[in-house]
Structure formats: C-alpha cells, structure tokens
Protein chains: 2
Amino acid sequence: MSIISIERKVLEKNDEIAQKNRELFKKNNIFTINIVSSPGSGKTSLLERTIEVLKGKINIAVIEGDVQTDFDAKRVEKYDVPVVQIVTNGGCHLDAKLVSDALANMDLNGINLFVIENVGNLVCPAGYDLGEDLKVVLLSTTEGDDKPLKYPKMFRNASILIINKIDLLPYVNCNIELLKKNALQINPSLEIFETSCTSGEGIDNWCNWIVKHIK
Amino acid sequence: MSIISIERKVLEKNDEIAQKNRELFKKNNIFTINIVSSPGSGKTSLLERTIEVLKGKINIAVIEGDVQTDFDAKRVEKYDVPVVQIVTNGGCHLDAKLVSDALANMDLNGINLFVIENVGNLVCPAGYDLGEDLKVVLLSTTEGDDKPLKYPKMFRNASILIINKIDLLPYVNCNIELLKKNALQINPSLEIFETSCTSGEGIDNWCNWIVKHIK
C-alpha cells in the first residue's frame, strides 16, 4: 500500500463526509461559505464587519478553525452569534469530519448563513471540500499582486476573491489591476470584491452579495 | 499499517537526508538558513536587500521554494548569485530530498551563506528539517501581533524572528511590543530583528548578524 493510495482514500472519505455536511446545510436552507487565506489577511476582521452589517437581518452561525488558541471564536462570540472553535492542534487545514463533529454540537434551526473560517494557510485548505456552497479566498494587498499565480489551486477552487486591506494600497507595492488580472488568468469565473475592514470600504457590496444568496 | 506510522517513516527518512545535507554544508564551511513565513511577508524582498548589502563581502547561494512559478528565482538571479528554483507543484513545504536534489546541481565551492527560501506557509514547513543551521521566521506587521500564539510550532522551531514591514506600523492594528512578548512566550530564546525592506530600516543589523555567523 503506497502513501499516494492512502492519501486518495483520505480525500475520498473526506468527500463522502463533505457531501453529508452539504445535505445537512441544504435540508436547513443554509447558505455556507468556507473562507480561506494566508494568516493575517483579515478573515476574522471581515467576519466581524459582515456580522455588524447583517445582524438582525439574517441569522449567522460560525465555525472557527485554528491551529491553536480560541482567540477568533472569542472575537466572534462578542457579537452574540453561535460559534464553535475547532483547534486542529498543528493540523494545517480543516477537513469535513472536523466540521461534521462541530455541526453535531450546533443548533442549525433558523440559521441562514453559515461561515466556516479555515486555518490560515493559502495551500492546504484548497484541497478539502467541507460541504460548503463555495470557497471565498481572501487576499490582502500587503501580500502582493503575484499571489494568484504562485498559489493557483486556491484561486482555481474559489468562487469569490476578496481583496482586503485596500486602505493600505498607497503604502505597499501592489498593483491591484495586475492582481485582478492574475486572479482571472487562473480562474476567469472568479467574482471579485475589494474591501477594507479598517475603513469599512466595500463591506456593504460584499454583504449585499451575501443577502442575494440567502436561500 | 496506519497513516501515522507512515508519516513517522516519512519524517525519519526526511531527517536522514537532512543530516546528509547538513554534513555537506559543514564540509564546505557554509552557514545555511531556512527562511519561513506566510505568503507575502517579504521573504524574497528580505533576500534581495540582504544580497544588496552583502554582495562582494561574502558569497551567497540560494534555493527558492514555490508551489508554482519561478518568479522568485528570477528576482534573485538579477543579483548574479547562484539560484535554483524548486517548484513543489502543489506541495505545501520543502523537504530535505528536494533540497538534496537541488544541491546536486549546485557548485558549493567558495559559498559562505546558503539561503533556502521555503514555500509561503506558516504551518507545514515547521516540521521539516532541511539540513539548515537554523530557521528564520519572518512575520509582517500587517499579519497582526497574535500570530506567534496562533502558529506556535513555527516560532518554537525557529531561532530568529524578523518582524518585517515596520514602515506600515502607523497604518495597521499591530502592537509590536505585544508581538515580541507573544513570540518570546512561545520561544524565550528567539533573537528578534525589526526590518522594513521598503525603507531599508534594520537591514544592516540583520546583515551584521549574518556576517558574525559566517564560518
């Protein structure tokens, strides 16, 4: 038995569980997004800004994935939305089984939007279906305009690209038009948003898009 | 045969090859660093600034590790130093075998400093010894002051922390004293540098440190 065949089995098993997660979300009419990015691109900040805008309009639940600590769950908990923290304890991505175990502890009744914030890693989470409707990849302007070409799998597997920290554009070496061109070269069907979680710019556009997709 | 035992075998095999790489570096009196960070923290920019300061004083050779593209090798090649690009083709970290294969194509004669720039990933490269003298972890101020606590293995396994993009401190939500405190909580023996590859601040300190460690 080779390592490759074991890896395939692991991914097949993951896809089976992801499909069950997907059916559970569907049965409950829940729109689910899996947010992926490098560490520090602003996943949790985006989630905070999103909850601020949408709270009272739709019901949101959250899974936070982290290698260590429950810092992110504590940040989200302040907004009084249901949140479960998954600590992977060194693991570099969430998988469908971890999400399934977390879902077993959550009441999905009445939830419209489910957000899974993945571990900060622009490589490994690309390969793991969690049962989401779509992947949202976040990229900070500080990371540079070449990243879609250097980490193509994540941009290929995502449906949405959010370019965050646009308030820092005057201070960093990032050509946002080139960034968008590079992203669309990898995945021509990517829908792109530009946001700043500091100034709030672009957050309304992003939230309007979510509201349109609520089932 | 369980997956865990296979993983252990993979790491044991990696450590064996890493030891051979280490002996090769030692035999040639080469000081070797393995630079690790998230995507876009500034590994290649730091390397460019370092080469600019040290070229003519010491002989530098480079291995560039990337998931895709040879952009980074092309950036380094302009400085007329020997460089080999390893494209992992989706792989989330360099391993000792990849480095060993690259070394087979390089002339180490007269080299004083060998820099291995790892794949942009703050999780997976932490577990892989490549045969380096030490790991240098780079963290950008834009990534936030909580990252050492959230990704502890990388900070535990590194000897040097370089806090990069300090020119952006006025514009980002990052308390650099807290960042250093968090890093030292994980690894009290970390030596810390602060740099900006844009303004050049701190680059001389870092280069002086390298020169002191040349064998």
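Described in the following lines is the structure provided in the data block. Just so it is clear, the structure is predicted and the values come from calculations on it, not from any experiment.

Brief notes about the sheet that holds strand β5 (residues 134-140) of chain A
Residues and elements named next belong to chain A.
At step 1: Strand order in this open sheet of 7 strands is β3-β2-β4-β1-β5-β6-β7, and the pairing throughout is parallel. Sheet topology places β3 (83-87) and β7 (191-194) at the edges, where each strand pairs with a single neighbour. Taking the axes of each pair of neighbouring strands and ignoring which way they run, one obtains an average angle of 20° across the sheet.
At step 2: Here strand β2 (residues 60-66) runs beside strand β4 (residues 113-117); their pairing, made up of 5 bridges, is parallel. Note that in β4 the partner of Val-62 across the bridge is Val-115.
At step 3: Sitting on the sheet, helix α8 (residues 203-213) is in contact with β1 (31-36), β4, β5, β6 (160-164) and β7, with an inclination near 140° to β7.

A word on the nonpolar core
At step 1: Counting 52 residues, the largest nonpolar core has A:Val137, A:Phe155, A:Leu161, B:Val137, B:Phe155 and B:Leu161 as its most contacted members.
At step 2: With sequence-adjacent residues up to four places away left out, B:Val137 is seen in contact with B:Val36, B:Leu122, B:Met154, B:Phe155, B:Ala158, B:Ile160, B:Leu161 and B:Ile162.
At step 3: In this structure, A:Phe31, A:Leu46, A:Leu113 and A:Ile214 belong to the second largest nonpolar core, which totals 30 residues.

Regarding empty space enclosed by the protein
At step 1: Inspection of every chain in the model, using the stated rule, returns 2 cavities of 30 Å³ or more.
At step 2: When its volume is computed, the largest cavity comes out at roughly 60 Å³.
At step 3: Considering the residues around the largest cavity, the lining is formed by 16 residues, among which A:Pro39, A:Glu143, B:Pro39, B:Thr142 and B:Glu143 are closest to the centre.
At step 4: Across the lining of the largest cavity, the residue classes break down as 2 nonpolar, 10 polar and 4 charged.
At step 5: Considering only enclosed or pocket space, the second largest cavity measures out at about 30 Å³ in volume.

Considering the relation of the copies chain B and chain A
At step 1: With an axial shift of 0.0 Å and an RMSD of 0.0 Å, the rotation relating chain B to chain A amounts to 180°. Taken together, the rotation angle and the small translation identify this as a two-fold axis.
At step 2: Both copies share a contact surface, since 100% of the interface residues of chain B are interface residues in chain A too.

What counts and what doesn't
- Throughout this description, residue numbers start from 1 for each chain and increase along the sequence as written.
- Labels are handed out in written order, letters beginning with A for the chains and numbers beginning with 1 for the ligands.
- Note on the predicted model: pLDDT of at least 70 is required for a residue's local features to be given, and 80 or more for side-chain atom pairs to be given and counted; whole-chain, interface and lining totals, by contrast, use all residues.
- To get the side-chain values, all heavy atoms of the structure are used, and hydrogens and water are removed first.
- Pairing between strands requires that DSSP locate at least two bridges from one strand to the other.
- Secondary structure elements are taken from DSSP: a helix is a run of H or I of four residues or more, a strand is a run of E of two residues or more, and numbering for both begins at the N terminus.
- Each axis is a line fitted through C-alpha atoms, and for a helix only the stretch in contact is used; angles between axes span 0 to 180 degrees, taken between their N-to-C directions.
- It only takes one pair of heavy atoms within 4.5 Å for two residues to be counted as in contact.
- Take the buried Ala, Val, Leu, Ile, Met, Phe, Trp, Tyr and Cys residues and link them wherever side-chain atoms come within 4.5 Å; each set so joined is a nonpolar core.
- A 1.4 Å probe rolled over the protein chains alone gives each residue an accessible area, and that area as a share of the maximum for its type sets the label: buried under 20%, exposed over 50%, partly exposed in between.
- Method remark: on a 1 Å grid restricted to protein atoms, a set of points is classed as a cavity if a 1.4 Å probe fits but cannot get out and as a pocket if it is open with protein on both sides within 12 Å along at least five of seven lines; lining residues have an atom within 4 Å of a point.
- Grid points are joined across faces, edges and corners, and a volume is the space filled by probe spheres set on the points.
- The residue classification treats Ala, Val, Leu, Ile, Met, Phe, Trp, Tyr, Cys and Pro as nonpolar and Asp, Glu, Lys and Arg as charged. All others, Gly included, are polar.
- The fit set for superposing copies consists of C-alpha atoms from residues with pLDDT of at least 70 in both; the fit itself is least squares.

Geometry only, nothing functional implied.
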